[in-house]
Amino acid sequence: MGMTMTQKILAVHAGLPEVKAGDLIEARLDLVLGNDVTTPVAVHVFEKAGFDRVFDPEKIAIVLDHYTPCKDIKSAQLCKTAREFARKHGVTHFYDVGEVGIEHALLPEKGLVAPGDVVIGADSHTCTYGALGAFSTGVGSTDMAAGMASGKNWFKVPAAIQVVLKGRLRGWVSGKDVILHLIGRIGVDGALYRSLEFTGPGVASLSMDDRFTIANMAIEAGGKNGIFPVDAKTLEYVGGRVSREFTVYEADPDAEYERVVEIDLDSLQPTVSLPHLPSNTRLAAEVAGLPIQQAVIGSCTNGRIGDLRIAAQVMKGRHVAKGVRCIVIPATQEIYLQCVKEGLAQIFVEAGCAFSTPTCGPCLGGHMGCMCEGERAISTTNRNFVGRMGHVDSEVILASPAVAAASAIAGCVALPE
Amino acid sequence: MVTGTVFKYGDNVDTDVIIPARYLNSPSAAELAKHCMEDIDAAFVTKVQAGDIMVAGWNFGCGSSREHAPMAIQASGIRCVIAASFARIFYRNSINIGFPILECPEAAAEIAAGDRVSVDFDTGLITDETTGKSYQATAFPAFIRRIIDQGGLLPYLKAEQEAAKHA
């Protein structure tokens, strides 16, 4: 029987001729990732179990992105623990304030993930790298510790859902609308334990930034991973970034899918997720006029240059509405610099936005934009759970950069003109 | 085998409500346990007793990969979570820290808050002593049982490494 793209990558990394859904396998890892929240727990577990060396300091990435620049004394202690571990073990890919970016934008940008890789990260949005045709999945701190100690980890081979994309995106519709639409259709556990295998003639028209956004939110449908085929755009993206050899895998024609979901890109419209689940989707037009007090544009989902170009295009020459705080956060230093070079930074500042150094901050109610009781934000981030961005009685509406920027200008949920 | 009083929750209990991110600046399980579930059940931490059991609906533990979530539940005194289904990272994390969790949709639907429930981890048998009904959860595969028996993934790995050294 044929294998899906995910299954092929896992089989090769497990040293097996074939695997099937449900198999428990042990697979070799190409990269193990942690951040300032999850690494300290992994360090504790690693040391408590008596391990004293990492399997390969070149294949570990530690990215201090969540609460940095440190928001308080406790988070400074977390960073210190991660920093000292990285130094002690000679971890090559260690990123601290000044060089750091949001991990899932940073790792692809630095060429640390290649097509065909197996990557685990102690952060749920590690599934982002599926955009590059890699198998990547979020795990916990103990999995990170096990990966650092042994270079391997256990996996249950996932069954698959095939998502067939047709047509191409129109107007202000973006990758964010594609993934919110999909989650709205299949639910927050619609892909539980499964891989989301994106395919179809519509893939070619999607930019890499759109693909990163889509793969990033596979977890919001419960997915183990989301994965895209490797095409000319992927190869162009990794060319000049990835300096090692890699293998491109394709799904077998007779691969088995539990379910096939078709999405007609032509017919998609700007979509938002209302509180308190990403699956609670509506067309943005249906909820236009809903007042907001905050707009956040950034994150591992939508903090890439393509996202910020769209937001700037909407905001150029306009001003954020009175009573709205708009926070724009480029995901990496390279993107930040690009925003400066292209004049996007000026557009945001002149529009009355806070323009910040890279951080995950507001997405998880960490810092740089926590909300109090009764406030509502529109945000290009990935989760709108109860209390996600601050007070338990605050609300988050998930949206694309275009819709978030237009809403910041209007003072309520709005569509770009 | 454990017996405890049930705390019951609904579907899609996410890791942001199990342990809100505002407390993730501490990696200490005891510190995290003080805030466990507080955004959906502020009284939980004052009522939970060592040995109690948590029962919930579909997709328990969805959201972030924070291992702090099962750590906080475990350190609060809860000995086992029974749910209709678990989000996959939460499922891995629980096994990896040696915290037993059982998938059983029937038990999750029928067991009520405050019931006395006993769980036999060897057989997967769940008994609601208040109603007298029993439920059979799927037992863990042998590989996962070995991880739980060793007290988690890292002790398991270490034991394997030591065994290989002496082989």
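For the structure itself, consult the block above.
None of the values given here were measured: they were computed from a predicted structure.

K.L.:
Describe the overall build of chain B, with residues and values.
P.N.:
Scanning chain B from terminus to terminus reveals eight helices and seven strands. Relative to a compact globule of 167 residues, whose C-alpha radius of gyration would be 15 Å, chain B shows 16 Å and is just as compact. Taken over the C-alpha atoms alone, chain B extends approximately 50 × 40 × 25 Å along its principal axes. For chain B, buried positions account for 60% of its 167 residues. Surface summary for chain B: the accessible area is close to 6200 Å², and the carbon and sulfur share equals 53%. For chain B, the separation between the mean place of its 14 positive charges and that of its 20 negative charges on side chains is 6 Å.

K.L.:
Residue-level account of the environment of H104 of chain A, with values.
P.N.:
Residue and element names in this part refer to chain A. With respect to the helices and strands, H104 occurs in helix α4 (residues 103-109). Considered as a pair, H104 and D123 are 19 residues apart in the sequence and their alpha carbons are 9.3 Å apart. Contact partners of H104, with chain neighbours within four places excluded, come to L33, D123, H125, T126, T128, Y129, C300 and R304. At a separation of 2.9 Å, a polar atom in the side chain of H104 contacts the side chain of D123.

K.L.:
Hey, could you go over the nonpolar core for me, with residue numbers and the actual values?
P.N.:
In a soluble, globular protein the nonpolar side chains are often hidden away together inside. Core analysis: the biggest nonpolar cluster contains 128 residues, and I62, M315 and F348 of chain A together with F60 and I73 of chain B have the highest contact counts within it. The biggest single contributor to this core is helix α13 (residues 401-410) of chain A, with seven residues. Not counting residues within four places of it along the chain, the set of residues in contact with F348 of chain A comprises L308, A311, A312, M315, V328, C353 and F355 of chain A.

K.L.:
Describe unusual backbone geometry, naming the residues involved and giving the relevant values.
P.N.:
With an omega dihedral of -15°, the bond running from T68 of chain A to P69 of chain A counts as a cis peptide bond. Omega for the peptide link from P275 of chain A to H276 of chain A comes to 0°, which places this bond in the cis form. In this structure, N59 of chain B is a non-glycine residue whose phi angle is positive, near 60°. The topology assignment puts N59 of chain B in the loop between β2 (53-56) and α4 (68-76).

K.L.:
I'd like a rundown of the sheet that holds strand β9 (residues 195-199) of chain A, residues and numbers included.
P.N.:
Paired through their backbone hydrogen bonds, the strands of a sheet run either parallel or antiparallel. Residue and element names in this part refer to chain A. Taken together, four strands build an open sheet; the order of strands is β10-β9-β8-β11 and the sheet is parallel. In the strand order of this sheet, the two ends are held by β10 (225-227) and β11 (259-264), each with one partner. In this sheet, neighbouring strand axes are inclined to one another by 20° on average, regardless of whether the strands run parallel or antiparallel. In terms of strand pairing, β9 meets β10 through three bridges, oriented parallel. Residue pairing in the sheet places S195 in a bridge with N225 of β10.

K.L.:
With reference to specific residues and values, describe helix α5 (residues 88-96) of chain B.
P.N.:
Residue and element names in this part refer to chain B. Burial runs high along α5: nine of the nine residues are buried. Residues of α5 that are buried include every one of R88, I89, F90, Y91, R92, N93, S94, I95 and N96, and no others. Taken from the residues just after α5, G98 is the one with a positive phi, measuring 75°.

K.L.:
I'd love a proper account of the environment of I347 of chain A, names of residues and values included.
P.N.:
Residues and elements named next belong to chain A. On the secondary structure map, I347 appears in helix α12 (residues 344-350). Along the primary structure I347 and D210 are separated by 137 residues, whereas in three dimensions their C-alpha atoms are 23 Å apart. Setting aside its immediate chain neighbours within four residues, I347 contacts A312, M315 and K316.

K.L.:
Lay out the environment of K20 of chain A in plain terms, naming residues and giving numbers.
P.N.:
Residue and element names in this part refer to chain A. By the secondary structure assignment, K20 is in the loop between α1 (5-14) and β1 (24-28). Accessibility expressed as a relative area gives 52% for K20, which makes it exposed. On a C-alpha basis, the gap between K20 and S267 in space is 35 Å, while along the polypeptide they are 247 residues apart.

K.L.:
Kindly report on helix α6 (residues 175-186) of chain A, identifying the contributing residues and their values.
P.N.:
All names here are of chain A. Counted at 1.5 Å a residue, the expected span for α6 with its twelve residues is 16 Å, and the 17 Å between its end C-alpha atoms agrees. Counting buried positions over the twelve residues of α6 gives nine, a clear majority of the element. Buried within α6 we find G175, K176, D177, V178, I179, L180, L182, I183 and I186. Just downstream of α6, G187 is the residue with a positive phi angle, here 90°.

Here is what the cut-offs are and how they apply
- Residues numbered from 1 in each chain as written.
- Chains lettered and ligands numbered in written order.
- Predicted model: local features only at pLDDT ≥ 70, side-chain atom pairs only at ≥ 80, totals over all residues.
- Heavy atoms only, no water.
- Helix = DSSP H or I, 4+ residues; strand = E, 2+ residues; numbered from the N terminus.
- Rg over C-alpha atoms; globule rule 2.2 N^0.38 Å.
- Buried < 20%, exposed > 50% of the residue type's maximum accessible area, 1.4 Å probe, protein only.
- Areas by Shrake-Rupley, 256 points an atom, 1.4 Å probe, with all protein chains shown as cover.
- Lys, Arg positive; Asp, Glu negative; His and termini not counted.
- Charge placed at Lys NZ, Arg CZ, Asp CG, Glu CD.
- Contact = heavy atoms within 4.5 Å.
- Polar contact = N/O pair within 3.5 Å; in protein donor to acceptor, adjacent residues only side chain to side chain.
- Core = buried A, V, L, I, M, F, W, Y, C linked by side-chain atoms within 4.5 Å.
- Pairing = 2+ DSSP bridges.
- Axes fitted to C-alpha atoms, helices over the stretch in contact; angles between N-to-C directions.
- Expected span 1.5 Å × (residues − 1).

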